[in-house]
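Chain and residue survey
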Amino acid sequence: MDNLGFGKVLLVEDDERLAALIAHFLEQHGYEVRTVHRGDLAMAAFLEFKPKVLVLDLMLPGQSGLQVCREIRSVSDTPIVILTAKEDDLDHILGLESGADDYVIKPIKPPVLLARLRALQRRQTPDTSVVSFLEFGQLSIDRSCREVRLAGELVELTTMEFELLWLLASAAGKILSRDDILNRMRGIAFDGLNRSVDVYISKLRNKLKDNPREPVCIKTVWGKGYLFNPFAWEL
């Protein structure tokens, strides 16, 4: 078993041959996989199977992957990886805005999908040998229990939102470029077109009550990247 504890994977994919290929590959690496071929059957399977991660195609009969993603995200913070045949950046942004944590472009290479699942698991498993708690005035971030509080109130974040916040806060006062962020979070380089970082930054600002027009907590340094302001949370 080398699945790093992820265990159960729900795969929602209407291409039965592709689904069988992915399921077989993941099972060879220690995962328990359940497959659903229609979007309108995904929620029931999710609630019954209780997977540790959802792998979700966007183009599905019965109900679209985006709808499934939004519905599942409304009841669970289980990591979601979307599969898309489109290389259109807008398609990826829509998936991320619907609550997905990552995406893989078709044609799917099973080892790439496996690497993404493992990366998600590593991000969910804190390293107890390093600092696991950060505090900046009214903002506290506890990685051991994956809890964020602002002025005492719990802030609900997805897996990727939490990891991005932790990354930025761990480098408080320093500028991190999009390339830095993507490499550390997904192991890929920024191609100049990928807008996923901007999507997550926007969602973080909204949840942390940072002014989107004139942000002071997570600043945009034009042409360079983003900066977590350690002093903004004192107010």
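Sequence order as written defines the numbering, with residues in each chain counted from 1. In keeping with the model being predicted, local features are shown solely for residues with a pLDDT of at least 70 and side-chain atom pairs are shown and tallied solely at 80 or more, while totals for entire chains, interfaces and linings include all residues. Excluding hydrogens and water, the side-chain figures rest on all heavy atoms present in the structure.

Short version of the rule: UniProt positions are given in the numbering used here, feature names are shortened, and annotations may be inferred rather than shown by experiment.
An unreviewed UniProt entry lists the chain under the name Response regulator, from Pseudomonas koreensis. Recorded under Subcellular location (unreviewed entry), the UniProt text for the chain is reproduced unchanged: "Cytoplasm".

1. A look at helix 8 (residues 196–207)
Cut-off, in case you're wondering: Secondary structure is summarised from DSSP: a helix means a run of H or I of at least four residues, a strand means a run of E of at least two, and numbering begins at the N terminus for each. By this rule the span expected of a helix is its residue count minus one, scaled by 1.5 Å. Exposed residues in this analysis have more than 50% of their type's maximum accessible area, buried residues have under 20%, and partly exposed residues fall in between, with area computed by a 1.4 Å probe over protein chains only.
The end-to-end C-alpha separation of helix 8 is 17 Å, in line with the 16 Å expected for twelve residues at 1.5 Å each. Within the span of helix 8, buried status applies to Ser196, Val197, Asp198, Val199, Tyr200, Ile201, Leu204 and Arg205. In the stretch just after helix 8, lysine 209 is the one whose phi turns positive, near 60 degrees.

2. Considering the pattern of salt bridges
Stated precisely, the cut-off is as follows: Salt bridges are defined as contacts in which a side-chain nitrogen from Lys or Arg sits within 4 Å of a carboxyl oxygen from Asp or Glu.
A complete count under the given rule lists twelve salt bridges for this structure. Among the salt bridges present, the one from arginine 116 reaches aspartate 102, with a minimum N-O distance of 3.6 Å. With arginine 116 in helix 5 (residues 110–124) and aspartate 102 in strand 5 (residues 102–105), this residue pair connects regions lying 14 residues apart in the sequence. For arginine 116, a relative accessible area of 13% translates into the label buried. A salt bridge links arginine 143 to glutamate 163; the nearest nitrogen and oxygen atoms lie 3.0 Å apart. Pair noted here: arginine 143 is in the loop between strand 7 (139–142) and strand 8 (147–150) and glutamate 163 is in helix 6 (residues 159–170), with a separation of 20 residues, a long-range link. Residue arginine 143 is classed as buried on the basis of its relative accessible area, which comes to 16%. With relative accessibility at 5%, the residue glutamate 163 sits in the buried group.

3. A word on the pairing of strand 1 (residues 8–12)
We count it as follows: Strands are treated as partners if at least two bridges between them are detected by DSSP. Handedness of a crossover is defined as follows: with both strands directed away from the viewer, a clockwise route from the first strand across the helix to the second makes it right-handed.
Among the five residues of strand 1, four are classified as buried, and the element is accordingly described as predominantly covered. Relative to strand 2 (residues 32–36), strand 1 is paired through five bridges, and the arrangement is parallel. Across the sheet, the residue bridging to leucine 10 is arginine 34, located in strand 2. Taken together, strand 1, helix 1 (residues 16–28) and strand 2 constitute a β-α-β crossover, and its handedness is right-handed. Examined bridge by bridge, strand 1 and strand 3 (residues 53–57) share four bridges and lie parallel to one another. Across the sheet, valine 9 pairs through a bridge with valine 53, a residue of strand 3.

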